[in-house]
Structure formats: C-alpha cells, structure tokens
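Geometric and topological summary
Spelled out from the first residue to the last, the chains are:
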Amino acid sequence: MKKLQLVLLLCFSPFAAGDGLPDLGDVSQAVLTPLQERQIGQQSMLEIRASKQFLADPEINDYLNQLGYRLVENSAEPGLGFEFFALNDYSINAFAMPGGFVGVNAGLLLTAQSESELASVLAHEISHVTQHHLARMIEGQQGDSLISMATIAIAILAARTNPQVSEAAIVSTQARSIQKQLNFTRTYEEEADRIGLQLLQKSGFNTHAMPEFLERLQNSTRLLEGNAPNYMRTHPITSDRIAEIDNRVQKQPYRLVPDSLNFQLVRTKLIAAQKTAPEAITYFSEALGAQNFGNPIAQRYGLVSALLRNNEIERAAQELAILRKQAQGSQVARNNPMIETLAGQVKRAGKNDVATLAFYRTAVQNFPQHRALIYDYADLLLQNNQPEITVKLLAEQITRHPSDTTLYDLQARAYAMQGKTLEQHQAQAYSYAWQGNLYAAMEQLELAKQAGGSFYQLSSIESDLRELRELLDARGKP
Ligand SMILES: [Zn+2]
C-alpha cells in the first residue's frame, strides 16, 4: 500500500522549509523548478477539490482530459502530466495553474460554440504551462520585489480561480502590487496565442475558431458593460491581440471540423444542470420538436436524463429505446460510453437487477475506462452483495486514477461488507486525504490500526500516519 506515499510526495507543501517560508536560497537563483511548480499546483488542486467549486462529474472531466491530451500530445512537452478539470461556475473563465492543472468553468464550456473553440482555449492554457510563464514571472521579480513564494502562490491561486475575490483575499499592499504583475503580461498572452495556435493546427482543429471565440467574448463584454468575464481579466483581450491572431489565421484554410458527440453531450448535461427536472423536460422536448436546430441525439439524451431525474421511468425507457436506435444508425454516436452510462441508469431505475447486472458486465467490458459506468456498476454490485467482484473491479481503476475519491469510497464499502475493517478504514483515509481533509484521514488510519492486521499492513499504516503528520506540520506554519 504505497498509494499515500505517492500522494504526499507530490502534494508536499511548497511552504515546508524552516520558518514556514520556502527556502529560496540565493536570490539570484530564485527560479521555480518543475517539481516546485507541480507541488504548488497539487496544493492548489487539493483546495479546489475540497471546495464546492469543483465539478465532480467524471464524464465531464474525462471529456476535458481527452480533448486536452489531443493537444498536449503535439506540444513541446508531451510527457508533462496535465490534469484538466471543470468548475461548477457559470461565469466564463479558464485558467492554468503551475504544474499542468487546467481549470475550465462550466460557463466557458457553454459559451464555446464548437469543439474547436473550446480546444483553442485549452491550447492557450496548455501553452502558458509548457512555456513556464509562472516560473518566468517569478524569475522576473528581482531584488526587493522578490517576496516569499508562499505569498506568490496564494496570490496566483486567488487571482486565477476568482479574480473578483482576489482583492479581498490578498490583504497586504505588497501582495496586491504583486497580483497586478501576475496578470499575464501582453508578451505572455501573445506567446500563448502563438504556440496555442500551432497546437490547434497540429491537432487537426479549425484554427479560425481561436479569433472567433475571442471576438465572441469581446462582444459579450460590450453587452455586459464593465462586467467583463473573468477570463478577460486574467487573459486581457485587446483588439490588437485578436488582430494578431486573425493575421496568422488568414493564411490557413478554414477547416470544417465536426464536433464530437461527447462535446454535445457534456454541454447538454451542463444546460440540464441549470434547470429543474420539469424545466429540462420541457426544454429538450421543445428542442426536439423544433427539429432544425441542434443535435437531436444530444437533445434526446437530455430528455432521457431529465425524465429519469423526474422519476418518469417508463417514459425514460421509451425515449431511451429511440435514442439507442438513433445512435446505432449514426457513425459518431454508435457505441458511445455516455449513452451507455445513461442506459444503465435507466435500467437500474427499472429495478430488474439480474438483467441490469448482465448489462453492466458487457458495458464495462466495452468501456473499461469510463469511470461513470464503473461507479454505477460497483454501486449496483454492492447493493447485490457482491463485494469480491467490486474489490477487483476497483483495484484496477485506482491504479489508473489514484486521486479519485469516489473509487476509495466504494472500495471502503466493499471492504466493510467483507468485514475487512483495517482495509475499510485505510481506503476511507485515502479518500479523505485526497479531499484535503487530513485530520479525518488520520482518524481513519487510527481506526485501521485499532482493527489490527498483519505486521506489513500495520507498518504501512504507520508510515502513512507519519507522512500525514509531516504534511500537517508543514501546513500549520504561518
Ligand atoms: Zn492567457
């Protein structure tokens, strides 16, 4: 059980040295190393995951990662471990944190009118990371103006995630003056545009989408009168900037790149999330009735989930049958894991567990990487008192997604069912640790210890506890 050690190595506080401030050594060498960048990012990520801002929908996050990695593969640093995630925030914003963590607001996902537009934003953010703009910014802070990395990290986090609260959050004048300098400079913006555009082209997207999206943002700002989208505060958009991109793009052909079905389905989910179930039923029924706007498969997907939410199981099953038939007849929609996941949920609601278990056995074979499907299957297996299969299913997933707290929660339930108390509390501890709740994690490890186990198990728990204590000590310093 070495999972937690990996966790703590990666997210060990960058503020850990000596008096609570990082040991920057000689001022002239004050450059962030890639490992420090990763640590600041990990630390910020723990805080975001613990907050309500984090959109804990594995289908949306998996989609963002698939799209993001299509671009990362063509970047200067294809080996860098990126993590893309969505935020439950309907304002328009996207931001990159040091170490390759890229956040995208629900509002931005809905504002993008094509997958290429969304990809253009990701490409820009990826380029901020691969060009190490954060490290270079800090490097630029010479002599007197060089302040502690802790202050800088906090300022960055506050400014990137929510520019509106940043001023309240950053109290000292010193930090405030730094925050101004932290807004990406024009040079960095232009560089991220230029490199991002290359990424977009190499990855087969429509490059014209980049200026188009920025123009849309600029226009929406005019309407909002001073209420600029957050994105524009952290990545200032000027007419010069758009003209510059436009100029590059003019030499490139206008590529018609069809949107993936998952792009449409993710947007459908976000639209539905803003409505009550009856509102969503009306909305998607009307959209389907209009027949000349939007993607009918995505609209029916929205209708089926809304009916399910409204507990209209029979109608949901009827519409699902139509949806699956339509999907089979379409090249892009055939064998779509999001549609299969929804189908499983409708079947579960029908309460024929034997048939539903058989459905999931096939579905997880077809889509072994689709976490939403795995969660549902594991939950159903546990309801049907089958912890052994569940433990096996989850072990494989945890290797692939070691920071997924839902997987640990399910694992803890399975162990509890088997009467393996030590393993149960240890799994629960990992879940809490990844949520950033270190005290609760330690409590669970103490319970695991009390339950007793083999010498090997107990010493693994001792070493987990030791590392949590060190992490807490580091965090406790001012
Ligand atoms: Zn930018």
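Figured I'd write up the structure that's included with this text. (Residues numbered from 1 in each chain as written. Predicted model: local features only at pLDDT ≥ 70, side-chain atom pairs only at ≥ 80, totals over all residues. Heavy atoms only, no water.)

Re the environment of Tyr283
By the secondary structure assignment, Tyr283 is in helix 15 (residues 277–290). Look at Tyr283 and you get partly exposed, because its relative accessible area is 36%. On a C-alpha basis, the gap between Tyr283 and Ala306 in space is 9.7 Å, while along the polypeptide they are 23 residues apart. (Helix = DSSP H or I, 4+ residues; strand = E, 2+ residues; numbered from the N terminus. Buried < 20%, exposed > 50% of the residue type's maximum accessible area, 1.4 Å probe, protein only.)

Observations regarding helix 3 (residues 58–72)
Given a rise of 1.5 Å per residue, 15 residues ought to cover 21 Å, and the 20 Å separating the end C-alpha atoms of helix 3 matches this to within 8%. The buried fraction of helix 3 is high, at 12 of 15 residues. Within helix 3, burial applies to Pro58, Glu59, Ile60, Asn61, Asp62, Tyr63, Leu64, Asn65, Leu67, Gly68, Leu71 and Val72. Looking at where helix 3 begins, the residue whose side-chain oxygen comes 2.8 Å from the main-chain nitrogen of Glu59 is Asp57. (Expected span 1.5 Å × (residues − 1). Polar contact = N/O pair within 3.5 Å; in protein donor to acceptor, adjacent residues only side chain to side chain.)

Notes on the nonpolar core
Residues Leu71 and Leu118 are the most contacted members of the largest nonpolar core, which totals 96 residues. Contacts of Leu118, omitting those with residues within four sequence positions, involve Tyr63, Leu64, Leu67, Val104, Leu108, Leu109, Ala112 and Phe263. If you look at the next biggest cluster of nonpolar residues, it comprises 13 residues, including Ala433, Leu438, Ala441 and Leu445. (Core = buried A, V, L, I, M, F, W, Y, C linked by side-chain atoms within 4.5 Å. Contact = heavy atoms within 4.5 Å.)

Some thoughts on the packing of aromatic side chains
Applying the stated criterion across every chain yields a total of 8 aromatic pairs. A centroid spacing of 5.5 Å and a plane angle of 80° characterise the contact between Phe359 and Tyr360, whose relative ring orientation is edge-to-face. Tyr360 carries the same exposure label as Phe359, and that label is buried. With 5.7 Å between their ring centres and 10° between their planes, Tyr360 and Tyr377 make a pair best called stacked. Taken together, the positions of Tyr360 in helix 19 (residues 353–366) and Tyr377 in helix 20 (residues 371–383) put the pair 17 residues apart, joining distant regions of the chain. Like Tyr377, Tyr360 is buried. Aromatic ring contacts, followed pair by pair, group Phe54, Phe85 and Phe95 into a single cluster. (Phe/Tyr/Trp six-rings, centres within 6.5 Å; stacked < 30°, edge-to-face > 60°.)

Focus on the sheet that holds strand 3 (residues 101–105)
The strand order across the open sheet formed by 3 strands is 1-3-2, and the pairing between neighbours is mixed. Bordering the open sheet on either side are strand 1 (83–87) and strand 2 (94–97), each of which pairs with just one other strand. Averaged over neighbouring strand pairs, the angle between their axes works out to 20° when direction is ignored. As paired elements, strand 2 and strand 3 share 4 bridges and run antiparallel to each other. Bridging from a neighbouring strand, Ala96 pairs with Val102 of strand 3. Contacts from helix 5 (residues 115–130) reach strand 1, strand 2 and strand 3, with the element oriented near 25° to strand 2. (Pairing = 2+ DSSP bridges. Axes fitted to C-alpha atoms, helices over the stretch in contact; angles between N-to-C directions.)

Quick notes on the packing of helix 18 (residues 337–349) against helix 20
Direction vectors running N to C along helix 18 and helix 20 enclose 25°, while the axes themselves pass 9 Å from each other. Looking at the two axes, helix 18 sits roughly parallel to helix 20. The interaxial crossing formed by helix 18 with helix 20 has left-handed handedness. The residues of helix 20 that touch helix 18, namely those facing Glu340, Thr341, Gln345 and Arg348, are Ala372, Leu373, Asp376, Asp379, Leu380 and Gln383. Of the residues contributing to the contact of helix 18 with helix 20, the split by class is 3 nonpolar, 3 polar and 4 charged. (Parallel < 35°, antiparallel > 145°, perpendicular 65-115°, else oblique. Left-handed = near helix turned anticlockwise from the far one by under 90°. Nonpolar A, V, L, I, M, F, W, Y, C, P; charged D, E, K, R; others polar.)

Remarks on the layout of surface pockets
Estimated volume of the largest pocket: approximately 1000 Å³. Taken together, 38 residues make up the lining of the largest pocket; nearest its centre are Asn65, Glu83, Arg371, His401 and Ser403. When contributions to the lining of the largest pocket are tallied by element, the ones reaching two or more residues are helix 1 (3–11), helix 2 (34–50), helix 3, strand 1, helix 18, helix 20 and helix 22 (405–418). Its residues placed into classes, the lining of the largest pocket shows 16 nonpolar, 13 polar and 9 charged. The computed volume of the second largest pocket comes to approximately 470 Å³. Among the secondary structure elements, those contributing two or more residues to the lining of the second largest pocket are helix 3, helix 14 (261–273), helix 16 (296–309), helix 18 and helix 20. Its residues placed into classes, the lining of the second largest pocket shows 15 nonpolar, 6 polar and 5 charged. (1 Å grid on protein atoms, 1.4 Å probe; cavity = no way out; pocket = protein on both sides within 12 Å on 5 of 7 lines; lining within 4 Å. Points joined across faces, edges and corners; volume = space filled by probe spheres on them.)

Remarks on the packing of helix 21 (residues 387–400) against helix 22
Interhelical geometry of helix 21 versus helix 22 gives an angle of 150° and a closest axis separation of 9 Å. Viewed along their axes, helix 21 and helix 22 adopt a mutual orientation that is roughly antiparallel. Taken as a pair, helix 21 and helix 22 cross one another with a handedness that is left-handed. Only Leu407, Tyr408, Leu410, Gln411, Ala414, Tyr415, Met417 and Gln418 of helix 22 make contact with helix 21, whose side of the interface consists of Pro387, Glu388, Thr390, Val391, Leu394, Gln397 and Ile398. Its residues assigned to classes, the contact of helix 21 with helix 22 shows 10 nonpolar, 4 polar and 1 charged.

Things to note about the pairing of strand 1
Here is the key point about a regular strand: its side chains alternate between the two faces of the sheet. Burial within strand 1 is extensive, with 4 of its 5 residues counted as buried. Relative to strand 3, strand 1 is paired through 5 bridges, and the arrangement is parallel. Across the sheet, the residue bridging to Ala86 is Val104, located in strand 3.

Quick look at helix 10 (residues 186–202)
An ideal rise of 1.5 Å per residue puts 24 Å on 17 residues; helix 10 measures up with 24 Å between its terminal C-alpha atoms. For helix 10, every residue scored as buried is listed here: Tyr188, Glu189, Glu191, Ala192, Asp193, Ile195, Gly196, Leu197, Leu199 and Leu200. Where helix 10 terminates, the next one or two residues include Gly204, which has phi positive at roughly 85°.

Comments concerning the environment of Gly344
Within the secondary structure, Gly344 is located in helix 18. Discounting residues that sit within four places of it in the chain, Gly344 has contacts with Thr356, Phe359 and Tyr360.

Structural notes on the pattern of salt bridges
All told, the structure shown has 17 salt bridges when counted by the stated rule. Between Asp193 and Arg241 there is a salt bridge, with its nearest N and O atoms 2.6 Å apart. You can see Asp193 sitting in helix 10 and its partner Arg241 sitting in helix 13 (residues 239–250), a full 48 residues away along the chain. The residues Asp193 and Arg241 share a single accessibility class, namely buried. For the salt bridge of Glu340 with Arg324, the shortest nitrogen-to-oxygen distance reads 3.0 Å. Within this pair, whereas Glu340 is found in helix 18, its partner Arg324 is found in helix 17 (residues 313–328), the two being separated by 16 residues in sequence. In this structure Arg324 comes out as partly exposed when scored by relative accessible area, which is 28%. Several salt bridges share partner residues, and in doing so they unite Asp57, Glu59 and Lys269 into one network. (Salt bridge = Lys/Arg side-chain N within 4 Å of Asp/Glu carboxyl O.)

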